[in-house]
Amino acid sequence: MAYSDKVMEHFTNPSNIGELKDADGTGEVGNPTCGDVMKITIKVENDVIKDIAFKTLGCAAAIATSSVTTEMAKDKTLDEAMTITRDQVAEELGGLPPQKMHCSNLAADALHRAIEDYRSKQGDK
Ligand code: FES
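Here is what the cut-offs are and how they apply
- Residues numbered from 1 in each chain as written.
- Predicted model: local features only at pLDDT ≥ 70, side-chain atom pairs only at ≥ 80, totals over all residues.
- Heavy atoms only, no water.
- Helix = DSSP H or I, 4+ residues; strand = E, 2+ residues; numbered from the N terminus.
- Contact = heavy atoms within 4.5 Å.
- Areas by Shrake-Rupley, 256 points an atom, 1.4 Å probe, with all protein chains shown as cover.
- Lys, Arg positive; Asp, Glu negative; His and termini not counted.
- Charge placed at Lys NZ, Arg CZ, Asp CG, Glu CD.
- pLDDT = per-residue confidence, 0-100.
- Salt bridge = Lys/Arg side-chain N within 4 Å of Asp/Glu carboxyl O.
- Buried < 20%, exposed > 50% of the residue type's maximum accessible area, 1.4 Å probe, protein only.
- Polar contact = N/O pair within 3.5 Å; in protein donor to acceptor, adjacent residues only side chain to side chain.
- Pairing = 2+ DSSP bridges.

1. Comments concerning the overall build of the protein
From N to C terminus, the protein includes five helices and three strands. Taken from N to C terminus, the helices and strands of the protein fall in the order α-β-β-β-α-α-α-α. Long-range pairs, those at least 24 residues apart, make up 63% of the contacts in the protein between residues at least 6 apart in sequence. With an accessible surface of roughly 6400 Å², the protein has 47% of that area assigned to carbon and sulfur atoms. Averaged over its 14 positive side-chain charges, the protein has a centre that lies 4 Å from the centre of its 21 negative ones.

Spelled out as structure tokens, the structure:
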């Protein structure tokens, strides 16, 4: 199984790692296939994702997809970030080995959940 250079780059030197204090939205997902978990936190200003961070307990592909997803989502509007798909995340990394495609599910799902969490909190106000 070979990872692309971009996967290795994001795995060894991930962007936006950690957890934001006072996050406006939080998305947490588990991968039923392997049990790995990921948490994404976002800060939102005027409907734009101004800051984003991830914490992932998972494989190299899960960490690389988390990292690239945070880069893709930063400075996007919430509507734009909601359209980021699992396939786009894998594509952005130059592809994933077929047996690792399920790992790209986590990041896009966690991002979407963080946005939904933010929106539901806004609705509560
Ligand atoms: Fe669990 Fe990749 S093996 S996310």
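So much for the structure itself; the text now carries on.
2. Some details on the confidence of the model for the protein
For the protein, the mean per-residue pLDDT works out to 94, and 98% of the residues sit at or above 70. Confidence scores differ between elements of the protein, with helix α5 (residues 104–124) showing the lowest mean pLDDT of 92 and helix α3 (residues 78–82) the highest of 98.

3. So, the pattern of salt bridges
Throughout the structure, instances matching the rule amount to eight salt bridges. Residue Lys50 is joined to Asp75 by a salt bridge in which the shortest nitrogen-to-oxygen separation is 3.7 Å. Placement of Lys50 in strand β3 (residues 48–57) and of Asp75 in the loop between α2 (60–73) and α3 is noted, with a sequence separation of 25 residues between them. Owing to a relative accessible area of 39%, Lys50 belongs among the partly exposed residues under this scheme. A salt bridge links Lys121 to Asp117; the shortest N-O distance between them is 3.1 Å. On the criterion of helical spacing, the pair formed by Lys121 and Asp117 is a turn pair, its members being four residues apart in helix α5. Each of Glu19, Lys39 and Lys55 takes part in one network of salt bridges that share partners.

4. Concerning the side chain of His112
With respect to the helices, strands and loops of the structure, His112 is situated in helix α5. Using a relative accessible area of 16% as the deciding quantity, one classes His112 as buried. Polar side-chain contacts of His112 include one of 2.9 Å to the backbone oxygen of Ile84. In this structure, His112 is in contact with Ala81, Met82 and Ile84, ignoring residues within four places of it in sequence.

5. Considerations on the pairing of strand β2 (residues 37–45)
Two faces make up the sheet, and in a regular strand the side chains alternate between them. When strand β1 (residues 25–30) meets β2, the two strands line up antiparallel, connected through six bridges. Each bridged residue has a counterpart across the sheet, and for Val29 the counterpart in β2 is Met38. Turn length for the β1-β2 hairpin, with the two strands adjacent in sequence and antiparallel, is six residues, and the turn residue Gly35 shows positive phi of about 90°. One ladder, built from nine bridges, connects β2 with β3; its direction is antiparallel. Note on β3: the bridge partner recorded for Val44 is Ile49. Turn length for the β2-β3 hairpin, with the two strands adjacent in sequence and antiparallel, is two residues, and the turn residue Asn46 shows positive phi of about 50°.

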